[in-house]
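# Architecture at a glance
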2 protein chains.
Amino acid sequence: MNKIKKTEIMKSVYGRNDEAAADFNKFLTGKKIFCVNVLGSPGAGKTTLLIDLIGRLIRRSFVIEGDVASDIDARRLAGQNIPAAQINTGGACHLNAAAVADCFHNSAGGFIGGYLFIENIGNLICPVDFFLGEHAKMLVCSVTEGGDKSYKYPLAFERADVIVINKSDLSAHVDFDEKFFSDGARMLNQTAPIFTVSGVTGAGVSEVAEWLTYRAAPVTG
Amino acid sequence: MNKIKKTEIMKSVYGRNDEAAADFNKFLTGKKIFCVNVLGSPGAGKTTLLIDLIGRLIRRSFVIEGDVASDIDARRLAGQNIPAAQINTGGACHLNAAAVADCFHNSAGGFIGGYLFIENIGNLICPVDFFLGEHAKMLVCSVTEGGDKSYKYPLAFERADVIVINKSDLSAHVDFDEKFFSDGARMLNQTAPIFTVSGVTGAGVSEVAEWLTYRAAPVTG
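All of the points below concern the structure found in this document. (Residues numbered from 1 in each chain as written. Chains lettered and ligands numbered in written order. Predicted model: local features only at pLDDT ≥ 70, side-chain atom pairs only at ≥ 80, totals over all residues. Heavy atoms only, no water.)

The next thing to look at is the side chain of Asn 37 of chain B. Residues and elements named next belong to chain B. Examined against the element boundaries, Asn 37 turns out to sit in strand E1 (residues 33-40). The exposure class of Asn 37 is buried, given its relative accessible area of 0%. Within the structure, Asn 37 has its side chain in polar contact with the side chain of Asn 120 (distance 3.1 Å). (Helix = DSSP H or I, 4+ residues; strand = E, 2+ residues; numbered from the N terminus. Buried < 20%, exposed > 50% of the residue type's maximum accessible area, 1.4 Å probe, protein only. Polar contact = N/O pair within 3.5 Å; in protein donor to acceptor, adjacent residues only side chain to side chain.)

Shown next, in the form of structure tokens:
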């Protein structure tokens, strides 16, 4: 495979995905649904955070769970009475817009006004390149992952609309340098707010809910 | 892009990588160097574990650090007097055999007899498909990531030669179901030993060192 061929193919892959994502974004906006693409490492606590966050939002939510395998997360959400659907990618390292749109149309028919959260595959690299039709990207990190993530995975930080540092309940037990983390994030992204929260205790999550409500208002009405 | 074209290209990508990996494996074996491909999520504690582990091995080690960006990990190892080199992939989500072999030849000339650890990009999906010439794959998980990782990222568990559950020092503070984790791992992999350790306190790491010494003996002599 020569480089030109690879570049052409990647352009085609991204191009088609971007088209599907733009269509889905337009559809969701028409339905007054604000869509959040949730990115983070495996085990960053994305699902636990979503459960707490959704409980604080006035408008209702639907969640699409992306995983290589298993429906553990969708079942966890259902157990909390949060409507959810699961996409299994089989082996793929990211979700794509067509699969997400299909999943939504098949499982959330009639849903109008509110939030669609897409919990992407646990991966700080590959999902960043694939627009899913979201209005905002939420990057979830955790204090247990260490303070160097912004330096090692810059694109995820560059593209984030909001950065959440999760698992603050464990801060006392780990050596997390929040200033180093935030300095790295700020070099890459001057506008995304950074919230420190615990999805387990709920600390700080109301501020994320407030930010989201404010940010979503032009769409949700 | 149609499916046939994609399949052909992927075959070509894997095929070329496998060739380079087989060559590098042969080279390393000839030099009595046992090579370990270290896989895990971002923030699983791979570098901290390696520092502790390498300190317990009788034969010397060289480390190749893979990251999308930054040389934080290579500098950490150098600070511990562990010879190391850094590969930055720019944006790629996994290392490949040619880059690893080049890096080794350029930075570890004359190294004979011992261990080469390759700390792959923090990612539980993409690196699993790329053989780097290693004699063994070490999968590093952590109690803070939760017990469901084997269900969500099955291929990494299937392919592992040894599975390490890291950050046992935090077990008391998180809800980690070790039986659920190990049951999932065992469904996928009946032979890899599972060690529970703390790279921070050193608990359990000597057992990993013993396993590795035993496993490497046919190569290191």
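The rest of the description comes next.
Another point: the packing of aromatic side chains. Under the criterion given, the structure shown has 22 aromatic pairs over all chains. With centroids separated by 6.0 Å and ring planes inclined at 20°, the aromatic side chains of Tyr 115 of chain B and Phe 117 of chain B adopt a geometry described as stacked. Taking relative accessible area as the criterion, Tyr 115 of chain B reaches 2% and is therefore assigned buried. Three or more aromatic residues joined by ring pairs form one cluster here, namely Phe 24, Phe 27, Phe 62, Phe 104 and Phe 111 of chain A. (Phe/Tyr/Trp six-rings, centres within 6.5 Å; stacked < 30°, edge-to-face > 60°.)

To continue, consider the side chain of Ser 61 of chain B. All names here are of chain B. Structurally, Ser 61 is set in strand E2 (residues 61-67). Residue class for Ser 61 comes out buried when judged on its relative accessible area of 6%. If we ignore the near neighbours within four places in the chain, the residues touching Ser 61 are Ile 54, Pro 83, Phe 111, Tyr 115 and Phe 117. (Contact = heavy atoms within 4.5 Å.)

To continue, consider the relation of the copies chain B and chain A. The transformation that overlays chain B on chain A combines an axial shift of 0.0 Å with a rotation of 180°, and the residual RMSD is 0.0 Å. Interpreted geometrically, this transformation is the action of a two-fold axis. Mapped onto chain A, 100% of the interface residues of chain B are again interface residues, and the two copies thus contact each other with one and the same surface. (Least-squares fit on C-alpha atoms with pLDDT ≥ 70 in both.)

The next thing to look at is the interface of chain B and chain A. The interface is formed by 35 residues belonging to chain B together with 35 residues belonging to chain A. When chain B packs against chain A, the two sides together hide about 2,800 Å² of surface, and 65% of this comes from carbon and sulfur. Applying the counting rule to chain B against chain A returns 2 salt bridges. One salt bridge in this structure joins Asp 73 of chain B and Lys 152 of chain A, with 2.7 Å as the shortest N-O distance. At the junction of chain B and chain A, the tally comes to 9 residue pairs in polar contact (both at pLDDT 80 or more). Of the residues forming the side of chain B that touches chain A, the biggest block, 4 residues, is contributed by helix H1 (residues 3-30) of chain B. Classifying every residue of the side of chain B that touches chain A by side-chain character gives 18 nonpolar, 9 polar and 8 charged. (Buried area = accessible area lost by both parts, 1.4 Å probe. Salt bridge = Lys/Arg side-chain N within 4 Å of Asp/Glu carboxyl O. Nonpolar A, V, L, I, M, F, W, Y, C, P; charged D, E, K, R; others polar.)

Residues and elements named next belong to chain A. Running from N to C, helix H2 (residues 46-56) and helix H3 (residues 72-79) cross one another at 20°; their axes reach a closest spacing of 11 Å. Comparing the axis directions of H2 and H3 gives the class roughly parallel. Crossing handedness for the pair H2 and H3: right-handed. Contact residues: H2 offers Thr 47, Thr 48 and Ile 51, while H3 offers Asp 73, Arg 76 and Leu 77. Residues of the contact of H2 with H3, tallied by class, amount to 2 nonpolar, 2 polar and 2 charged. (Axes fitted to C-alpha atoms, helices over the stretch in contact; angles between N-to-C directions. Parallel < 35°, antiparallel > 145°, perpendicular 65-115°, else oblique. Left-handed = near helix turned anticlockwise from the far one by under 90°.)

Take the sheet that holds strand E6 (residues 162-166) of chain A next. All names here are of chain A. Taken in spatial order, the 7 strands line up as E3-E2-E4-E1-E5-E6-E7 in an open sheet, and their pairing is parallel. Of all the strands in the sheet, the pair left with one neighbour each is strand E3 (84-88) and strand E7 (194-196). For this sheet, the mean inter-axis angle between neighbouring strands, taken without regard to orientation, is 20°. The sheet contact formed by strand E2 (residues 61-67) and E3 spans 5 bridges and is parallel. Within the sheet, the bridge partner assigned to Val 63 lies in E3 and is Ala 84. (Pairing = 2+ DSSP bridges.)

Moving on: the pairing of strand E5 (residues 136-142) of chain B. Residues and elements named next belong to chain B. The buried count for E5 comes to 7 of 7 residues, which makes it a mostly enclosed element. Neither face of E5 is exposed, since Ala 136, Met 138, Val 140 and Ser 142 on one face and Lys 137, Leu 139 and Cys 141 on the opposite face are all buried. As paired elements, E1 and E5 share 5 bridges and run parallel to each other. By the bridge assignment for E5, Asn 37 is matched with Lys 137. Where E5 lies against strand E6 (residues 162-166), 5 bridges are found, and the strand directions are parallel. Residue pairing for E6: Cys 141 is matched across the bridge by Ile 165.

With that settled, the discussion passes to the pattern of salt bridges. Pairing is possible between side chains that carry opposite charge, provided their charged atoms lie close to one another. Considering all chains together, one arrives at 16 salt bridges over all chains under this definition. Between Lys 152 of chain B and Asp 148 of chain B there is a salt bridge whose closest N-O contact spans 3.1 Å. Each member of the pair, Lys 152 of chain B as well as Asp 148 of chain B, is classed as buried. Where salt bridges share partners, they join Asp 73 of chain A together with Asp 148, Lys 149 and Lys 152 of chain B into one cluster.

A few words now on the pairing of strand E4 (residues 114-119) of chain B. All names here are of chain B. By the criterion of burial, E4 is predominantly enclosed, with 6 of the 6 residues buried. Note: E1 against E4, 6 bridges, orientation parallel. By the bridge assignment for E4, Ile 33 is matched with Gly 114. Relative to E4, E2 runs parallel, the two being bridged by 5 bridges.

All names here are of chain B. Strand order in this open sheet of 7 strands is E3-E2-E4-E1-E5-E6-E7, and the pairing throughout is parallel. One side of each edge strand has no neighbouring strand; the edge strands of this open sheet are strand E3 (84-88) and strand E7 (194-196). Taken pair by pair, the neighbouring strands of this sheet meet at an average axis angle of 20°, ignoring direction. Along the sheet, helix H3 (residues 72-79) makes contact with E2, E3 and E4, crossing E3 at roughly 175°.

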